[in-house]
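Close look at the chain arrangement
Given next are the chains, with one letter for each unit.
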Amino acid sequence: MTQLNELKTLAKMPCEETVLLRVDLNVPTKDGVILDDSKIRACLPTIEFLHAKCRDTKIVLLSHLGRPDGGDDKLSLKPVQERLEELLGREVLFCKESIGPEPKFLIHQAKPGSLILLENLRFYPEEKKGDFNFAKQLSELGDVYINDAFAVSHRNDASVAVLPELFPKMSFAGFLLDKEILLLTRTFKKPEQPFIAIIGGSKLSSKLPLIESLIEKADTVIIGGLMAYTFLKARGENVGATEVEEDFVDQARKILLSRDGRKIVLPVDQIVVDADGKIFESQFPMPEATRACDIGSGSVELFKKILSNSKTVLWNGPMGIFEQAPFEAGSKSLIQFLDGLKATKIAGGGDTLHMVESLQGKHAFSWLSTGGGAMVEYITKMDLPSLKWLSE
Ligand code: ADP
Ligand code: 3PG
Ligand code: MG
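Residues numbered from 1 in each chain as written. Chains lettered and ligands numbered in written order. Predicted model: local features only at pLDDT ≥ 70, side-chain atom pairs only at ≥ 80, totals over all residues. Heavy atoms only, no water.

**Considering the site of ligand 2**
Selection rule: Each residue is tested against the molecule or strand, and it is near if at least one of its non-hydrogen atoms lies within 4 Å. We call two N or O atoms a polar contact when they sit within 3.5 Å, provided that within protein one can donate a hydrogen and the other can accept it, with sequence-adjacent residues counted only if both atoms are side-chain atoms. Computed by Shrake-Rupley with a 1.4 Å probe, the accessible areas treat only the displayed protein chains as cover when residues are assessed. Amino acids are sorted into nonpolar (Ala, Val, Leu, Ile, Met, Phe, Trp, Tyr, Cys and Pro), charged (Asp, Glu, Lys and Arg) and polar (every other residue, Gly among them).
Around ligand 2, the surrounding shell consists of D24, N26, K39, H64, R67, R122, A151 and R155. Contacts to ligand 2 include N26, whose side-chain N or O atom sits 2.8 Å from an oxygen atom. The side chain of R67 places a nitrogen or oxygen atom 2.7 Å from an oxygen atom of ligand 2. For ligand 2, whose accessible area on its own is 310 Å², the fraction buried by protein is 88%. Class assignment of the residues belonging to the shell around ligand 2 gives a composition of one nonpolar, two polar and five charged.

**A look at the state of the cysteines**
Our working rule: Here, two cysteine sulfur atoms that lie within 2.5 Å of each other are counted as a disulfide. By definition, any uninterrupted DSSP run of H or I lasting at least four residues is a helix, any uninterrupted run of E lasting at least two residues is a strand, and each is numbered from the N terminus.
Applying the stated criterion to the full structure yields one disulfide. A sulfur-sulfur separation of 2.0 Å characterises the disulfide bridge that pairs C15 with C54. Disulfide C15-C54: torsion about the S-S bond near -70°, hence left-handed. With C15 in the segment before β1 (18-22) and C54 in the loop between α1 (38-53) and β4 (58-62), this pair connects stretches of sequence that are 39 residues apart. Considering cysteine sulfurs only, C43 is the nearest to C95, which forms no disulfide, with 19 Å between them.

**Some points on the sheet that holds strand β11 (residues 264-265)**
Filter applied, for reference: At least two bridges found by DSSP between two strands are what make those strands a pair. Whether two residues are in contact is decided by their heavy atoms, any of which lying within 4.5 Å being enough. Helix axes use the C-alpha atoms of the stretch in contact, all axes being lines fitted to C-alpha atoms, and the angles between their N-to-C directions lie in the range 0 to 180 degrees.
Spatially, the six strands line up as an open sheet ordered β11-β10-β9-β15-β16-β17, and their pairing is parallel. With partners counted over all chains shown, the strands left at the sheet margins are β11 and β17 (367-369), one partner each. Bridge analysis of strand β10 (residues 220-223) against β11 gives two bridges, and the strand direction is parallel. Bridging across to β11, I222 finds its partner in V265. Across the face of the sheet, helix α7 (residues 175-188) comes into contact with β9 (195-199), β15 (312-316), β16 (344-348) and β17 while running at roughly 115° to β17.

**Section: the environment of L163**
Note the threshold: Using a 1.4 Å probe on the protein chains alone, a residue whose accessible area is under 20% of its type maximum counts as buried, one over 50% counts as exposed, and one in between counts as partly exposed.
In this structure, L163 sits in the loop between α6 (158-162) and β8 (171-173). L163 gets classed as buried once you look at its relative accessible area, which sits at 0%. Measuring from C-alpha to C-alpha, the distance between L163 and S331 comes to 38 Å, with 168 residues separating the pair along the chain.

**Brief notes about the environment of L141**
Within the element layout of this structure, L141 appears in the loop between α5 (132-139) and β7 (144-147). Once the C-alpha coordinates of L141 and D219 are considered, the two residues, 78 residues apart in sequence, prove to be 47 Å apart. Discounting residues that sit within four places of it in the chain, L141 has contacts with T18, L20, S98, P103, K104, I107 and L118.

**Digging into the pairing of strand β12 (residues 270-273)**
With burial as the criterion, each face of β12 is covered, one bearing Q270 and V272 and the other bearing I271 and V273. Linking β12 to strand β13 (residues 279-282), which pair antiparallel, is a turn of five residues; within it G277 sits at a positive phi near 85°. Judged from the four bridges that link them, β12 and strand β14 (residues 291-295) form a sheet pairing that is antiparallel. Its bridge partner lying in β14, Q270 is registered against I295.

**Quick word on the side chain of S139**
Position of S139 relative to the elements: it lies in helix α5. Of note is the side chain of S139, whose polar atom sits 2.6 Å from the backbone oxygen of K136.

**Considering the nonpolar core**
Filter applied, for reference: Only buried residues count toward a nonpolar core, which is a set of Ala, Val, Leu, Ile, Met, Phe, Trp, Tyr and Cys residues joined through side-chain atoms within 4.5 Å.
Grouped together as the largest cluster of nonpolar side chains are 99 residues, with contacts concentrated most on L25, I47, L61, L84, I223, F231 and L314. Take this core: its biggest share by element is six residues, from helix α8 (residues 204-217). Discounting chain neighbours no more than four positions away, the residues touching I47 are L21, I59, L61, L84, L88 and L115. In this structure, I295, L338, A343 and A347 belong to the second largest nonpolar core, which totals 24 residues.

**A few points about the site of ligand 1**
In the region of ligand 1, 16 residues are neighbours, and K207, N316, E323, D351 and T352 sit closest. Here an oxygen atom of ligand 1 sits 2.7 Å away from a polar atom, N or O, in the side chain of K207. Within the backbone of A292, a nitrogen or oxygen atom sits 3.1 Å from a nitrogen atom of ligand 1. In isolation ligand 1 offers 590 Å² of accessible surface; the protein chains occlude 82% of this area.

As structure tokens, then:
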């Protein structure tokens, strides 16, 4: 297990010609427009520190955006380059390729101290596969490696888990990664109890392993959002036309029937939309042809009652389609309730940060993490695959 004080931080980094800085610029976007730039802002301290400490060092930013299937214009990092320029007030060069002669040439030609962003690493399937040769090609672009991409550090992606291996003495942890690890370790090594987790969002399939480990550690796991309906179907409820992940119903049932399954609390009602677009509150059984878009008032009251005892709250994933009024109401009520609750309250995840920001709920939380999956995985294991490369 990686110990806190073992992480090699930037203070120890020598100034070389070019540094490869892995960041998580995976911001929520719609048709190429950035909906929330919290993750971009979270990277700025490391970039600014590097620039001040090593004025002539070229900084090459590496990131993914979304989950593209090969190249996909809608998931280009170009809009992120523009936002970075606005936020930093300086030029950010952009390279449409992430490996090969094009970035090599651009980096070589760039003035000392330049900042260069390479295109979405996930346009190359090798990135997700943790491919050694892909990492090798990335490594040829720089002399030092920094991981400041906490939110993706639970993945075995090439730029996160393989690339640092190629810089055995020259891999460091950025400020954001270091801060997230420090705060999460402090809060969750021995969380003050009752420890209650709120999990929501759309895809159960992507969060099932996290839920399985979280129910061992938490006293209660409240599940909302679309993913709750796969559990509700597994419990035998009629969920109308709500889109459940059929392939995961059996696994959800197993979790509900497991020893810790009693810790799971699901919605008792919901705000639904019918085939004509009519919006109303419904209990179970849900009418045919209705889809659940937010938790209902009974669920809000039930969740508040459970949360009122808690000393530690962890929240990842919205309770409803918060981007679309009036389906933000359930999440908003819980945020308002948490605001008045005396407990350590942490929320994290790309869309969760967007939700908290758009519902003006920052003040309700002790702090916000950029990581969703990474945050949950870290608090359950107190380790992440990439950390061993960044340790003393
Ligand atoms: P995070 O990025 O914070 O981990 P997720 O990506 O898991 O969160 O989920 C966020 C998405 O879940 C939001 O875009 C939201 O609209 C969607 N969502 C939540 N509840 C529902 C629902 N009932 N139906 C459809 N989508 C939902
Ligand atoms: C996130 O938003 O949680 C991170 O950027 C990781 O993205 P991923 O879940 O697609 O690996
Ligand atoms: Mg998300």
